[in-house]
Amino acid sequence: MSEDKFSPLMPITSRPESIMIRGKGSYLWDDRGRRYLDFIQGWAVNALGHCPPEILEALGQQAGQLINPSPALHNAPQLALSSHLVSLSGLSQVHFANSGAEANEAAIKLARKWGQVKRSGAFEILSTKNGFHGRTLATMAASGKAGWDTLFPPPMPGFRKVPFGDAEAVSQAITSETVAVLVEPIQGEAGVIVPPSGYLRDLRSLADDHNILLILDEVQTGVGRTGTFFACEQENVTPDIITLGKGLGGGVPISAMLAAKHACCFAYGDQGGTYNGNPLMTAVGLAVTKAVSNQHFLDGVAAAGIVIQDALTKLGDRFDFRDIRGSGLLWAVDLSRPCAADVQAAAFELGLLVNAPRSNTLRFMPALNVESDDIASAMEILEHALARVDVH
Ligand SMILES: *Cc1c(COP(=O)(O)O)cnc(C)c1O
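Residues numbered from 1 in each chain as written. Predicted model: local features only at pLDDT ≥ 70, side-chain atom pairs only at ≥ 80, totals over all residues. Heavy atoms only, no water.

## Examining the overall build of the chain
Along its length, the chain carries twelve helices and 15 strands. A globule of 392 residues ought to have a C-alpha radius of gyration of about 21 Å, and the chain, at 21 Å, matches this closely. For the chain, the spread of C-alpha atoms along the three principal axes comes to 60 × 55 × 45 Å. Contacts spanning at least 24 positions in sequence make up 71% of the contacts within the chain whose residues lie at least 6 apart. When the accessible surface of the chain is totalled, it reaches about 17500 Å², and 54% of it is carbon and sulfur. Across the chain, the centroid of the 31 positively charged side chains sits 3 Å from that of the 40 negatively charged ones. (Helix = DSSP H or I, 4+ residues; strand = E, 2+ residues; numbered from the N terminus. Rg over C-alpha atoms; globule rule 2.2 N^0.38 Å. Contact = heavy atoms within 4.5 Å. Areas by Shrake-Rupley, 256 points an atom, 1.4 Å probe, with all protein chains shown as cover. Lys, Arg positive; Asp, Glu negative; His and termini not counted. Charge placed at Lys NZ, Arg CZ, Asp CG, Glu CD.)

## As for the nonpolar core
Counting 85 residues, the largest nonpolar core has Phe39, Val292, Val343 and Leu382 as the members making the most contacts within it. Counting residues per element, this core draws most heavily on helix H10 (residues 295-319), at nine residues. Of all hydrophobic cores here, the second largest spans 22 residues; its members include Ala138, Leu182, Ile215 and Ile241. (Core = buried A, V, L, I, M, F, W, Y, C linked by side-chain atoms within 4.5 Å. Buried < 20%, exposed > 50% of the residue type's maximum accessible area, 1.4 Å probe, protein only.)

## Let's talk about the sheet that holds strand E1 (residues 20-24)
With mixed pairing, the four strands of this open sheet are ordered in space as E1-E2-E3-E13. The two strands at the open ends of the sheet, each matched to only one other strand, are E1 and strand E13 (352-353). Relative to E13, strand E3 (residues 35-38) runs parallel, the two sharing two bridges. Looking at the pairing, aspartate 38 lines up with leucine 353 of E13. (Pairing = 2+ DSSP bridges.)

## Section: the pairing of strand E2 (residues 27-30)
Residue alternation in E2 divides its side chains into two sets, Tyr27 and Trp29 and Leu28 and Asp30, and both sets are buried. Relative to E2, E1 runs antiparallel, the two sharing four bridges. Bridging across to E2, methionine 20 finds its partner in aspartate 30. Count of turn residues in the E1/E2 antiparallel hairpin: two residues, of which glycine 25 carries a positive phi of about 60 degrees. Where E2 and E3 come together, three bridges link them in antiparallel fashion. Considered in E3, the bridge of tryptophan 29 is made with arginine 35.

## Quick word on the packing of aromatic side chains
Taken as a whole and judged by the stated rule, the model has five aromatic pairs. A cation sits over an aromatic face here: arginine 22 above tryptophan 29, 4.1 Å from the ring centre. (Phe/Tyr/Trp six-rings, centres within 6.5 Å; stacked < 30°, edge-to-face > 60°. Lys NZ or Arg CZ within 6 Å of the ring centre and 35° of its normal.)

## Describing helix H3 (residues 53-63)
Along H3, the residues that are buried comprise Ile55, Ala58 and Gln62. One side of H3 holds all its buried residues, which, seen down the axis, span an arc of 70 degrees. Seen from the buried face of H3, the exposed residues on the opposite side, beyond 90 degrees, are Pro53, Leu56 and Glu57. The secondary structure elements touched by the buried residues of H3 are helix H4 (76-89) and helix H9 (279-292). (Arc of directions from axis to C-beta.)

## Structural notes on the sheet that holds strand E15 (residues 361-364)
Strand order in this open sheet of four strands is E11-E12-E15-E14, and the pairing throughout is antiparallel. Two strands in the sheet have a free side with no partner beyond their single neighbour: strand E11 (323-327) and strand E14 (355-358). Shown here is a sheet whose adjacent strand axes are inclined to one another by a mean of 25 degrees, direction ignored. With two bridges joining them, E14 and E15 adopt antiparallel strand pairing. Bridge pairing in E15 links asparagine 355 to arginine 363. (Axes fitted to C-alpha atoms, helices over the stretch in contact; angles between N-to-C directions.)

## Comments concerning unusual backbone geometry
Residue proline 153 is joined to proline 154 through a cis peptide bond whose omega torsion reads -5 degrees. Structurally, proline 154 is set in the loop between helix H6 (137-142) and strand E6 (159-162). Positive phi values are uncommon outside glycine, yet glutamine 41 reaches one of about 50 degrees. Position of glutamine 41 relative to the elements: it lies in helix H2 (residues 41-44). With relative accessibility at 0%, the residue glutamine 41 sits in the buried group. Its identity is not glycine, yet serine 70 carries a phi of approximately 105 degrees, on the positive side.

## Let's talk about the site of the ligand
Ser99, Gly100, Ala101, Asn104, Phe132, His133, Gly134, Glu184, Asp217, Val219, Gln220 and Lys246 make up every residue found near the ligand. In the environment of the ligand, an oxygen atom lies 2.8 Å from a nitrogen or oxygen atom belonging to the backbone of glycine 100. Lysine 246 places a side-chain nitrogen or oxygen 2.6 Å from an oxygen atom of the ligand. Taking 380 Å² as the accessible area of the ligand by itself, protein coverage stands at 81%. Among the elements that make up the shell around the ligand, the one with the highest residue count is helix H5 (residues 100-118) (three residues). The class makeup of the residues in the shell around the ligand is three nonpolar, six polar and three charged. (Near = heavy atom within 4 Å. Polar contact = N/O pair within 3.5 Å; in protein donor to acceptor, adjacent residues only side chain to side chain. Nonpolar A, V, L, I, M, F, W, Y, C, P; charged D, E, K, R; others polar.)

Below is the structure:
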């Protein structure tokens, strides 16, 4: 019977049988009336939790005023959000899109265009092993996910992979054809891999020395996730291009590519998209980024991150975690054996949503305004889940 109910949907991933029907803050409810404490939050998307008042108000107000005049006309929320992002980043111009992959596509196009006009046709983009940049054909080619190079052949040319966290490897890989280096400040989908400190600064110097662009994919790390609005602020690095997605809309689809003045070289017709910068989504993006960019809010993210780190450290002693890493409210632990999917399933049964990006890795990405009581409850449920599964 359940197969009938789900069968009209193309199966692209395995999902539990529950149907989620309502969310509020850090909690989700399913059709069986069960409540879940949500430490996935739409995949690090719901920056302010489920259905926050800021989004309800922005959506309601904007939906009653103007939903979509077309991308060929200006609208006020798009202008307001672009100037807000420019002032937060120190970059100069913004192009909006609808998903992280699309923002990265735009960044790849901008870099290739810049290579054509400024670097006599240089086109190659260096990106990292195990990196993740999206699921379009170009962003799959830019990603370093195991097995992706043979999916949907032929892969798009123009990308070369270097190990993550190793600036020297980037230095060795640069040729006259290299136009940009594209990295995540912290590799998210790879399991929250934090590079050695100084990595982004070293990449910045290399990019300057070789006249190539530094592109930071902050789709997961941006919009407050690591305790500063952009993760790169923690190394005092200003890249040439930043991409944002996920948290930018706090749950609704909007993404952005921000670029420094010297990199902005699109001519009319080079880039577009029907829904790009529509006022409904940019109004939400403005409400979310105004809330998140408040220093008091960001301090709260950093403080909550320390609470999670301490709690995970305690659990790690009892359950033999091999590593605990993260920043702000993006954390992961490595278990001593590949049973992360079992722990995820046990936690689900007990009412906690966590994610297992690798067979031995659990990832935590709660709402940025998660309450400390909810962190404590999550850690209690996680403890039960870890005890249920023989993790040692
Ligand atoms: C999620 C993610 C993307 C892709 O975003 P979509 O909205 O799923 O296209 C790109 N880069 C990073 C770092 C991500 O975490």
